[in-house]
Each structure stands twice: as C-alpha cells, then as structure tokens.
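Observations on the model geometry
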Amino acid sequence: MLARAGARVLLLDRARFPREKPCSEYLSPESTRVLERLGSDVLAAVAAAAPAHLTGMKVVAPSGAGVVGRFETFSFALPRTRFDTILLAAARARGVDVREGVTVEELVYQDGAVGGVVARATGSGNRETYRARVVVGADGLRSVVARRLGTIIRTAPYRIAFTAHVAGARDVDDLGEMHVGRPGYVGLGPIGDGVTTVALVLPVSEAHRGARFFEELDRFPAVRGRFDPRRIVRRVLATGPFARWSRRPVAKGGGALLVGDAADFFDPFTGQGIYSALRGAELAAAAILESLATGGGAGAGLDGYARARRREFMGKWILERLIGVAVGWPALIERVVGRLARRPQLADLLVRATGNCVPARAALTPRVLAGLVL
Ligand SMILES: Cc1cc2nc3c(=O)[nH]c(=O)nc-3n(C[C@H](O)[C@H](O)[C@H](O)COP(=O)(O)OP(=O)(O)OC[C@H]3O[C@@H](n4cnc5c(N)ncnc54)[C@H](O)[C@@H]3O)c2cc1C
C-alpha cells in the first residue's frame with residue numbers, strides 16, 4: 001500500500017519464503033475486501049491458489065452437540081506458505097525492496113524518535129543499520145520492535161497451540177469447525193487439495209499433552225477417528241502463549257508503529273488475526289502517508305493511527321475477549337451451543353460478527369448476549 005502510493009519501502013523478514021506459520025489458515029470473509037483493495041492481481045492470485053471456500057463455522061460443545069452459523073458470502077482458506085508468498089510477491093511487484101533472511105535486532109533513534117533498525121543477515125551474520133523515516137513493526141507475536149518500544153503487556157489466558165496438516169480427514173466439508181473440550185479446543189478446516197489444517201489449543205499447564213497430538217484429538221467426541229496419523233503432510237508446529245497487547249501501537253517519540261500481532265493478539269478461536277493484520281495495515285499506511293505528506297516521519301499523523309485502531313477494533317477486541325474467555329468454561333459453551341441451536345439467526349449473527357462481515361457491536365447488545373445464555 002505504501003509503495004503503491006509512492007513511498008520507498010524496505011521490507012526485512014527474518015524468514016525465507018515460502019515459510020510456515022502456525023495458523024488455522026482461514027481468511028475471515030471481510031479479508032476478501034482488503035485483498036480486493038490491495039489489487040485485483042492479489043485477489044486473483046489468492047482465488048487461483050486452489051483455496052477451499054468456507055461458508056460458515058460449526059461450534060461443537062464438549063458433549064459433541066454442535067451448531068452451525070453461516071456467512072452471507074464465503075471465506076478463503078489456504079496454506080500460509082501460499083498466502084504469504086502471494087503478499088510478498090505483490091509487495092515486490094509494487095516496488096518494495098524485499099530482503100529475506102534478515103533479522104531486526106534493535107531500533108536506532110534520532111532526536112528522540114525511532115529513525116531505523118539494526119538488522120543481521122542470517123547467512124553472513126553481518127549487521128547493518130537501515131535508516132527510515134518510519135519503522136513499521138509487523139513482526140508478529142514475538143515482535144522485537146514492540147519489545148524494544150517497551151509497550152508489551154502479556155495477559156491471561158495462557159494457551160499453547162499445536163498445528164498440523166493432515167490429508168484425507170473424514171467428513172470435512174465447507175465449514176470451519178471449533179470443538180471445545182475439557183481442557184482446550186480444536187480448530188479444523190479444509191485448505192484445499194484434500195488437506196485439513198488442524199490446531200489443538202491447550203492451557204499452558206497442559207502443554208505436555210501436545211506431544212500426543214493425535215491421541216488428544218480423539219478426546220473430542222466429534223473429532224474422534226477422523227484423522228489418520230499416518231496421513232500427516234506437515235509436521236506439528238507449536239506456538240504460544242499468545243495473549244498480549246501493546247499499551248501504545250505508536251512509539252512515544254514517534255517514528256515507529258506496530259501492526260498485526262505485533263500490536264495485539266488475544267486468542268485464535270475467532271480466527272480474526274489475518275483480517276486484523278490486513279485491516280490494521282491499511283490504517284497504518286493511511287497514517288504514515290499523512291505523516292510523510294506533512295513533512296514528518298515522526299509526526300502527529302502517526303498518533304491518529306492509535307485512534308483509528310480503537311475506532312476500528314474496539315468492538316472486535318471486546319467480542320474476541322468474551323469468546324476467548326468463554327471457551328475456557330466448557331459448561332458455559334455447552335449452554336451457549338444449546339441456545340444457539342434453537343436460535344439459528346443468532347448463530348449466523350455471531351459467526352458473521354467474528355468473520356468481520358457485520359460490526360462486532362451488533363453481537364454485543366444486551367438482547368444478543370442474553371439470548372446466548374437465557
Ligand atoms: C494456532 C493459531 C491459529 C490461527 N488461526 C487463524 C485463522 O484461521 N485465521 C486468522 O485470520 N488468524 C489466525 N491466527 C492468527 C494469525 O496467524 C495471526 O494473527 C497473523 O498471522 C498475524 O499476522 P502478522 O503479519 O502480524 O504476523 P506473522 O504472520 O507472524 O508475520 C510476522 C513476520 O515477521 C517476521 N519476523 C519476526 N520477527 C522478526 C525479526 N526480528 N526481524 C525480521 N522479521 C521478523 C516473521 O518471519 C514473519 O514473516 C491463528 C493464530 C494461531 C496461533
């Protein structure tokens with residue numbers, strides 16, 4: 001977005017692409033609109049990458065009782081190795097100077113504002129200083145930029161995720177599935193080519209169970225027997241704990257801001273992280289372009305980014321926290337699933353709100369919240 005608007009952009013990533021990312025690899029439906037705005041070539045490339053289409057989400061309680069909520073449209077689901085490589089290629093095509101295998105280690109300051117980074121090349125080990133009018137920390141859950149800015153707060157719930165790709169899973173169709181158990185939950189869904197992405201999420205205190213990945217899947221009544229361990233096509237990747245947020249998404253003295261998981265992440269249950277990263281990037285690009293246009297790199301325009309994020313994401317932050325905490329209470333989920341099964345319109349509304357298709361605040365009214373439990 002920045003390069004397209006004429007800014008000179010240097011993109012440093014410690015990985016070499018295609019690279020794996022522990023994720024359930026579902027793009028919430030509203031992500032499609034951001035991809036469209038990024039460019040018809042980007043959307044066409046994602047659509048052509050043989051993605052599965054999800055038409056809704058199924059939530060299954062510990063007893064095995066389930067409820068389905070439908071989107072009005074559909075969402076793409078595809079391996080992150082493909083999706084992220086498409087985004088990287090789009091950045092290159094728009095003139096971004098992309099350097100892979102370069103790890104950012106430190107921020108450098110000029111007149112009290114962030115003025116660049118020090119980064120190390122993986123191969124040679126050489127360190128170099130890169131100066132920039134604005135540094136964007138888009139470096140994920142363990143963001144070094146956020147840590148150096150000193151803005152990170154880690155919060156409960158403390159959970160660990162184990163994710164894998166398995167071929168030939170039984171009864172996987174056009175739905176994402178979330179199975180809540182005692183303890184933890186499983187998320188699964190098709191990602192094309194007969195492959196299912198499956199994530200087991202556990203409290204940190206139960207993380208040792210991750211070593212028995214397939215046995216643990218069988219603990220969930222509506223998952224049991226659907227996966228053949230011999231048909232695993234990508235090894236199990238682990239990540240977590242993940243709940244964290246930055247006190248400020250903009251550096252105090254200016255010159256740097258945070259997007260995506262680097263700015264905040266709560267829990268993967270609602271599957272909104274990719275949309276937040278993409279939409280947050282749009283807000284960041286607008287703030288940076290305004291700041292550059294007014295002659296500053298560390299200017300007031302960047303503070304507008306924090307306000308824009310609050311306006312955009314406040315409802316989502318509340319909804320994902322309510323849901324993320326609720327999934328730690330199996331009895332509550334049992335009750336909510338029972339209520340939703342009798343109120344399909346409410347199930348659709350909730351699924352659409354977490355898919356960012358309707359504003360989250362539409363699901364936060366007293367009437368809706370009461371309808372979930374009473
Ligand atoms: C188990 C699980 C399942 C999930 N499922 C979904 C889902 O189905 N749908 C959804 O929308 N979201 C999901 N999410 C969330 C989603 O994966 C993230 O929110 C999303 O990837 C955030 O994007 P990002 O660009 O901020 O970070 P990332 O995708 O993590 O990208 C960060 C990049 O920064 C690079 N990097 C890191 N450190 C450095 C450094 N020091 N120097 C240079 N480069 C660096 C990394 O190599 C990486 O390429 C899930 C998360 C988890 C944990």
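The paragraphs below set out a description of the structure included in this document.

For the chain, the helix and strand inventory stands at 10 helices and 17 strands. In terms of overall dimensions, the chain is globule-like: its C-alpha atoms have a radius of gyration of 21 Å, near the 21 Å expected for 374 residues. In terms of principal-axis extent, the alpha carbons of the chain reach across some 60 × 50 × 40 Å. Counting over 374 residues, the chain shows a buried share of 53%. Sequence separation of at least 24 residues holds for 71% of the intrachain contacts in the chain that already meet a minimum separation of 6. Accessible surface for the chain amounts to roughly 16,600 Å². Of this, 54% is attributable to carbon and sulfur atoms.

Core analysis: the largest hydrophobic core is formed by 37 residues, its most contacted members being Phe269, Leu319, Val327, Ile333 and Leu340. Elements that contribute at least two residues to this core include exactly β2 (52-60), β3 (66-77), β11 (175-180), β13 (195-203), α7 (301-326), α8 (330-342), α9 (344-354) and α10 (366-373). Looking at which element gives the most residues to this core, the answer is α9, with 6 residues. Contacts of Leu340, omitting those with residues within four sequence positions, involve Val67, Leu346, Ala347, Leu350 and Leu372. The next biggest cluster of nonpolar side chains, apart from the first, holds 19 residues, and it includes Leu12, Ala256, Leu258 and Ala262.

Next up on the list: a positive patch on the surface. A surface patch of positive charge is lined by Arg14, Arg142, Arg147 and Arg154. Structurally, Arg142 is set in the loop between β8 (135-137) and α4 (144-149). Overall, the relative accessible area of 35% leaves Arg142 in the partly exposed class.

In this section: the side chain of Asp264. When you line up the elements, Asp264 lands in strand β17 (residues 264-265). Once residues within four sequence positions are removed from consideration, Asp264 is found in contact with Arg244, Trp245, Arg309, Lys316, Trp317 and Glu320.

Around the ligand lies a shell of 32 residues, among which Asp13, Tyr26, Arg80, Asp261 and Ile274 are the nearest. Between a nitrogen atom of the ligand and a main-chain N or O atom of Val104, the distance comes to 2.9 Å. Contributing elements (two or more residues each) for the shell around the ligand: β1 (10-13), β5 (102-110), β10 (159-167) and α6 (273-293). Each residue belonging to the shell around the ligand can be placed in one class, and the counts come to 15 nonpolar, 9 polar and 8 charged.

Summarising the sheet, β2 and β3 pair through 8 bridges and their orientation is antiparallel. Residue pairing across strands places Gly56 opposite Arg70, the latter belonging to β3. The antiparallel hairpin formed by β2 and β3 contains 5 residues in its connecting segment, where Gly64 sits at a positive phi of about 105 degrees.

What follows deals with the packing of helix α2 (residues 40-48) against helix α3 (residues 80-93). Between α2 and α3, whose axes approach to 10 Å, the crossing angle comes to 155 degrees. Between α2 and α3, the angle is such that the two are roughly antiparallel. Where α2 crosses over α3, the handedness of that crossing is right-handed. The segment α2 lies against α3, with Val42, Ala45 and Val46 engaging Phe83, Ile86, Leu87 and Ala90. Each residue belonging to the contact of α2 with α3 can be placed in one class, and the counts come to 7 nonpolar, no polar and no charged.

The subject of this paragraph is a nonpolar patch on the surface. Together, Met314, Ile318, Leu322 and Leu369 line one region of the surface with nonpolar side chains, adding up to about 310 Å² of accessible area. Inspection of the secondary structure assignment puts Leu322 in helix α7. Judged by relative accessible area, which is 43%, Leu322 ranks as partly exposed.

What follows deals with unusual backbone geometry. Across the junction of Phe17 and Pro18, the peptide omega takes the value 0 degrees, indicating a cis bond. Inspection of the secondary structure assignment puts Pro18 in the loop between β1 and α1 (31-38). A cis amide bond links Arg182 with the next residue in sequence, Pro183, at an omega value of 0 degrees. Its place among the elements puts Pro183 in the loop between β11 and β12 (185-190). Positioned with a positive phi, Asp171 is a non-glycine residue whose angle comes to about 60 degrees. When you line up the elements, Asp171 lands in the loop between β10 and β11.

So, how was this worked out
Residues numbered from 1 in each chain as written. Predicted model: local features only at pLDDT ≥ 70, side-chain atom pairs only at ≥ 80, totals over all residues. Heavy atoms only, no water. Helix = DSSP H or I, 4+ residues; strand = E, 2+ residues; numbered from the N terminus. Rg over C-alpha atoms; globule rule 2.2 N^0.38 Å. Buried < 20%, exposed > 50% of the residue type's maximum accessible area, 1.4 Å probe, protein only. Contact = heavy atoms within 4.5 Å. Areas by Shrake-Rupley, 256 points an atom, 1.4 Å probe, with all protein chains shown as cover. Core = buried A, V, L, I, M, F, W, Y, C linked by side-chain atoms within 4.5 Å. Patch = residues over 30% accessible without salt bridge, like charges linked within 9 Å, V, L, I, M, F, W, Y side chains within 5 Å. Salt bridge = Lys/Arg side-chain N within 4 Å of Asp/Glu carboxyl O. Lys, Arg positive; Asp, Glu negative; His and termini not counted. Charge placed at Lys NZ, Arg CZ, Asp CG, Glu CD. Near = heavy atom within 4 Å. Polar contact = N/O pair within 3.5 Å; in protein donor to acceptor, adjacent residues only side chain to side chain. Nonpolar A, V, L, I, M, F, W, Y, C, P; charged D, E, K, R; others polar. Pairing = 2+ DSSP bridges. Axes fitted to C-alpha atoms, helices over the stretch in contact; angles between N-to-C directions. Parallel < 35°, antiparallel > 145°, perpendicular 65-115°, else oblique. Left-handed = near helix turned anticlockwise from the far one by under 90°.

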